[in-house]
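Structural overview
Letter by letter, the chains look like this.
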Amino acid sequence: MTIDQLDARLILLLTEEPRLGVLECSRRLAVARGTVQARLDRLVARGVITGFGPDISPAALGYDVMAFVTLEIRQISGHDPVAHGLARIPEVLEVHTTSGGGDLFCRVVARSNADLQRVIDLIVDVPGVLRTSSVIALDTPVPYRVLPLVADVPRHRDH
């Protein structure tokens, strides 16, 4: 699915100011209110926009340590039961199946390095997890972002 320049401008506007209403978006983009609403509905229906909720900082909630944990799992039951077990641990923010040396890659947070050990112990206790390897993030010089992709899509529509 591709987006056009108006879609990209709308996404950028709502990313910069997520509390804007449809009417204000239409005013700033100089298009009809119905056009903005139709574009938003289409972008949501096609999965381009996946949510309108606030971005929450784990550090602001007291989770100052972020780590990435690679898991090796027992292959007999597959990834799904392990992923369901990991989803029950609040500090596990993301789980991805991967190729290479590990089977699953998790982004986790903890309140301290000692608390990270507690989180890793919870992960190891999930049935099917054989072993883990973790690294602590020291800094995030490039945070998660998709706006550069949004800006780039209209340029490459016809390629």
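Calculation notes
The residue count restarts for each chain, going from 1 along the sequence in the order it is written. The model is predicted, so local features are restricted to residues of pLDDT at least 70 and side-chain atom pairs to those at 80 or more, both for listing and for counting; the totals for chains, interfaces and linings are taken over all residues. Water and hydrogen atoms play no part in the side-chain values, which are based on all heavy atoms of the structure. In this document the domain limits rely on a domain assignment from an automatic tool or a database. Each patch is built from salt-bridge-free residues with over 30% relative accessible area, joining like charges within 9 Å and nonpolar side chains (Val, Leu, Ile, Met, Phe, Trp, Tyr) within 5 Å. In these tables, accessible area is a Shrake-Rupley quantity obtained with a 1.4 Å probe, and a residue counts as shielded only by the protein chains included in the view. The rule for a salt bridge is simple: a side-chain nitrogen of Lys or Arg has to be within 4 Å of a carboxyl oxygen of Asp or Glu. Numbering of helices and strands runs from the N terminus; a helix is a DSSP stretch of H or I covering at least four residues, while a strand is a stretch of E covering at least two. Residue burial is assigned from relative accessible area. The probe radius is 1.4 Å, only protein chains are included, and a residue is buried under 20% of its type maximum, exposed over 50%, and partly exposed in between. As a rule, the C-alpha atoms of each element are fitted with a line to give its axis, helices using only the stretch in contact, and angles between N-to-C directions run from 0 to 180 degrees. Comment on the angle field: the value is read as roughly parallel under 35 degrees, roughly antiparallel over 145, roughly perpendicular from 65 to 115, and oblique elsewhere. Contacts between residues were defined by any pair of non-hydrogen atoms, one from each residue, lying within 4.5 Å. Basically, the charged four are Asp, Glu, Lys and Arg, the nonpolar ten are Ala, Val, Leu, Ile, Met, Phe, Trp, Tyr, Cys and Pro, and anything else, Gly included, counts as polar. Nonpolar cores are built from buried Ala, Val, Leu, Ile, Met, Phe, Trp, Tyr and Cys residues. Side-chain atoms within 4.5 Å join them into one set.

Considering the domain arrangement of the chain
What the domain assignment lists for the chain is domain 1 (5-54) and domain 2 (59-137). Just the C-alpha atoms count here: the centres of domain 1 and domain 2 sit 35 Å apart.

Brief notes about a nonpolar patch on the surface
Where nonpolar side chains cluster on the molecular surface, the patch consists of Tyr-144, Val-146 and Leu-149 and spans about 380 Å² of accessible area. Relative to the helices and strands, Val-146 is located in the loop between strand S4 (129-137) and helix H6 (147-152). The exposure class assigned to Val-146 is partly exposed, which follows from its relative accessible area of 37%.

Remarks on the packing of helix H1 (residues 5-16) against helix H3 (residues 33-45)
One can describe the packing of H1 onto H3 by two numbers: an axis separation of 11 Å at closest approach and a directional angle of 85 degrees. Taken together, the axis directions place H1 and H3 in an arrangement best described as roughly perpendicular. In this structure, H1 uses Leu-6, Asp-7, Leu-10, Ile-11 and Leu-14 to contact H3, whose residues at the interface are Thr-35, Val-36, Arg-39, Leu-40, Arg-42 and Leu-43. Partitioning the contact of H1 with H3 into residue classes produces seven nonpolar, one polar and three charged.

Notes on the nonpolar core
Leu-71, Val-82, Leu-86, Val-108, Leu-116 and Ile-123 are the most contacted members of the largest nonpolar core, which totals 19 residues. For this core, the secondary-structure elements that each account for two or more residues are strand S1 (65-73), helix H4 (79-87), strand S3 (104-110) and helix H5 (113-124). Of the residues forming this core, the biggest block, five residues, is contributed by S1. Those residues in contact with Val-82, other than ones at most four positions away along the chain, are Leu-71, Ile-73, Leu-104, Val-126, Pro-127, Gly-128 and Val-129.

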